Amino acid sequence: MYCLSRLSLYIFYFWRVFVWIAAGVILLGAGNVRAAEPAGSFAESEAVTGKSAWMFGHGAEPVWSELASGLEIACFPARDPAGNTLEMVILRIDPRRFIFSVHTATGEGEALSLGAWADRHKLSAAINASMYLPDGRTSTGYLRVGEHLNNGRIAGRFGAFFVSDPHTPFPEEPSPTKGSGNAAEAGSARSSDGDLPEAALLDRACDTWEALLPRYRNVVQNYRLISADRRLLWNPGGPKHAISAVGSDGNGNILFIHCREPLTGIDFGAWLLALPIDVRLVMYTEGGSQAGLLVRSGSVHRIWMGRHPADLWTAGNPSAPLPNVIGIRPKSSQQ
């Protein structure tokens, strides 16, 4: 009986350790980082953070490097409040000079690495399009590429849409299925007919998104991290992880944004608002070791992949398969 009691005790402690390890892996793991999702983010509890938390390296403002006409890159070094050194990479894209495309595993039959997506579609840059469900293919929010629906349901808690490739919709074009969110009644910042931008970010709280979504061939929905009026909407706390995001600035440029070092979502957003880039709306697209950014243009040919404290890959895993990506290629063959 004594031996049986000790055996039961060992089993209990072994199971307890296993549960803790499993929980840690889930929180730190790659792919669809559910822990990064702020509960009730669409209800919008505006975050309050210190404005002096981030500083440029050596007090100098980073310089933008032109990779091609309408394509610039800059690296923004900083130290977080704990003294950790971080770097945010931002690719600034003029949508008048580049074609934005969305590629999905459900539409093309397989998930590919960023490099493989770029090879297949001759992309100059690519970034995660969205988080995804446990099936490893379906986006957590609405995602449409032309007539192909990866996910036809509008997520009620997701307040941002990336849209590209405007067109006159056909009567049979797939329509979004409403989730639990309500349509905004405010006027759109975008024009309604022939003057739509080639690519844009829509804020569900102030754009007439229901009228605008059918007018674009490509639509991706996810969380707003920063609203169109520059409010930080991410909830405080949560785990630290690498982050990829897509945003826009006051001139209508599209921003591909990536930080491979672990940080909280609220620190990521506060850092963006402190930078001299006039950021207006930012959509979270992925967190963890599968948060990636690829650039193949001019003098830069590189892939940044996310890291976390338990990651065995010191520079991330560039071969990680990603089911949904946003890419760009120049409108002109001359780059």
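What counts as what
Residues numbered from 1 in each chain as written. Predicted model: local features only at pLDDT ≥ 70, side-chain atom pairs only at ≥ 80, totals over all residues. Heavy atoms only, no water. Phe/Tyr/Trp six-rings, centres within 6.5 Å; stacked < 30°, edge-to-face > 60°. Helix = DSSP H or I, 4+ residues; strand = E, 2+ residues; numbered from the N terminus. Buried < 20%, exposed > 50% of the residue type's maximum accessible area, 1.4 Å probe, protein only. Lys NZ or Arg CZ within 6 Å of the ring centre and 35° of its normal. Core = buried A, V, L, I, M, F, W, Y, C linked by side-chain atoms within 4.5 Å. Contact = heavy atoms within 4.5 Å. Pairing = 2+ DSSP bridges. Axes fitted to C-alpha atoms, helices over the stretch in contact; angles between N-to-C directions. Salt bridge = Lys/Arg side-chain N within 4 Å of Asp/Glu carboxyl O. Arc of directions from axis to C-beta.

**Here we look at the packing of aromatic side chains**
Point 1. Scanning the model with the defined rule gives seven aromatic pairs in all.
Point 2. Ring plane angle 70 degrees and centroid distance 5.8 Å describe the contact between Trp64 and Phe76, whose orientation is recorded as edge-to-face. One end of the pair, Trp64, is in the loop between helix 1 (2–28) and strand 1 (65–68); the other, Phe76, is in strand 2 (residues 71–79), with 12 residues separating them in the sequence.
Point 3. Note on Phe100 and Phe162: the rings are 5.9 Å apart at their centroids and 50 degrees apart in plane angle, and the pair reads as tilted. One end of the pair, Phe100, is in strand 4 (residues 98–104); the other, Phe162, is in strand 8 (residues 160–166), and 62 residues separate them in sequence. Both residues of the pair, Phe100 and Phe162, belong to the buried class.
Point 4. Connected via pairs of aromatic rings, a cluster forms that spans Phe158, Tyr223, Trp234 and Tyr284.
Point 5. The residue whose ring lies beneath Arg92 is Trp64, and the NZ or CZ to ring-centre distance is 3.8 Å.

**A few points about the nonpolar core**
Most often, soluble globular proteins keep nonpolar side chains buried together rather than apart.
Point 1. With 31 residues, the main nonpolar core has Ile90, Phe268 and Leu272 as its most contacted residues.
Point 2. Broken down by secondary-structure element, the contributors of at least two residues to this core are strand 2, strand 3 (85–93), strand 11 (224–226), strand 12 (241–249), strand 13 (254–263), helix 5 (265–274) and strand 14 (279–287).
Point 3. With five residues, the single largest contributor to this core is helix 5.
Point 4. Discounting residues that sit within four places of it in the chain, Leu272 has contacts with Met88, Ile90, Ile226, Ile257, Ile277, Val279 and Val282.
Point 5. Counting 30 residues, the second-largest nonpolar core is a separate cluster that includes Leu67, Leu91, Ala160 and Phe162.

**Topic: the sheet that holds strand 15 (residues 292–297)**
Point 1. Read across the open sheet, the five strands follow the order 4-17-5-15-16; overall the sheet is antiparallel. Only two strands of the sheet have a single partner each, and these edge strands are strand 4 and strand 16 (300–305). Recorded for the sheet is a direction-independent mean angle of 15 degrees between the axes of neighbouring strands.
Point 2. One ladder, built from seven bridges, connects strand 4 with strand 17 (residues 324–330); its direction is antiparallel. Pairing of Phe100 across the sheet is with Ile328, part of strand 17.
Point 3. Running over the sheet, helix 3 (residues 114–121) touches strand 4, strand 5 (125–128), strand 15, strand 16 and strand 17 and is turned about 40 degrees from strand 15.

**Here we look at the pattern of salt bridges**
Point 1. One pass over the full model with this rule turns up 11 salt bridges.
Point 2. A salt bridge links Asp119 to Arg296, with the nearest nitrogen and oxygen atoms 2.6 Å apart. Here Asp119 is found in helix 3, whereas its partner Arg296 is found in strand 15, with 177 residues between them in sequence.
Point 3. The exposure class assigned to Arg296 is partly exposed, which follows from its relative accessible area of 27%.
Point 4. Across the pair Arg307 and Glu261 runs a salt bridge, and its minimum N-O distance is 3.4 Å. A residue pair is termed long-range when its members are at least 10 positions apart, and Arg307 in the loop between strand 16 and strand 17 and Glu261 in strand 13 qualify at 46 residues.
Point 5. Where salt bridges share partners, they join Glu108, Glu110 and Arg120 into one cluster.

**Some details on helix 3**
Point 1. Within helix 3, the full set of buried residues consists of Leu114, Gly115, Trp117 and Ala118. Considered in projection along helix 3, the buried side chains sweep an arc of 160 degrees and stay on one side of the axis.
Point 2. Residue Lys122 follows helix 3 closely and has a positive phi angle near 55 degrees.

**Points about the pairing of strand 10 (residues 216–222)**
Point 1. The buried fraction of strand 10 is high, at six of seven residues.
Point 2. Two strands pair when backbone bridges link them, and strand 6 (residues 143–145) and strand 10 are joined in this way by three bridges, in the antiparallel orientation. Counted as the bridge partner of Arg144 is Val219 from strand 10.
Point 3. Relative to strand 10, strand 8 runs antiparallel, the two being bridged by six bridges. By the bridge assignment, Ser164 is partnered in strand 10 with Asn218.

**Re the environment of Glu66**
Point 1. Inspection of the secondary structure assignment puts Glu66 in strand 1.
Point 2. As for Glu66 and Leu91, which are separated by 25 residues in sequence, their C-alpha atoms are 9.9 Å apart.

**Section: the sheet that holds strand 2**
Point 1. Here we have seven strands laid out as an open sheet, ordered 1-2-3-13-12-14-11, and antiparallel in their pairing. If you trace the sheet from one side to the other, it starts and ends with strand 1 and strand 11, each paired once. Pairwise comparison of adjacent strand axes, ignoring direction, gives a mean angle of 30 degrees for this sheet.
Point 2. One ladder, built from seven bridges, connects strand 12 with strand 14; its direction is antiparallel. Bridged to Asp249 within strand 14 is Val279.
Point 3. Strands in contact with helix 5 are strand 2, strand 3, strand 11, strand 12, strand 13 and strand 14; relative to strand 13, the strand with the most contacts, it is inclined by about 135 degrees.

**Topic: the environment of Asp203**
Point 1. Position of Asp203 among the secondary structure elements: in strand 9 (residues 199–203).
Point 2. Sequence separation of Asp203 and Ala228 is 25 residues, and the distance between their C-alpha atoms is 6.2 Å.
Point 3. Once residues within four sequence positions are removed from consideration, Asp203 is found in contact with Gly159, Arg224, Ser227, Ala228 and Leu281.

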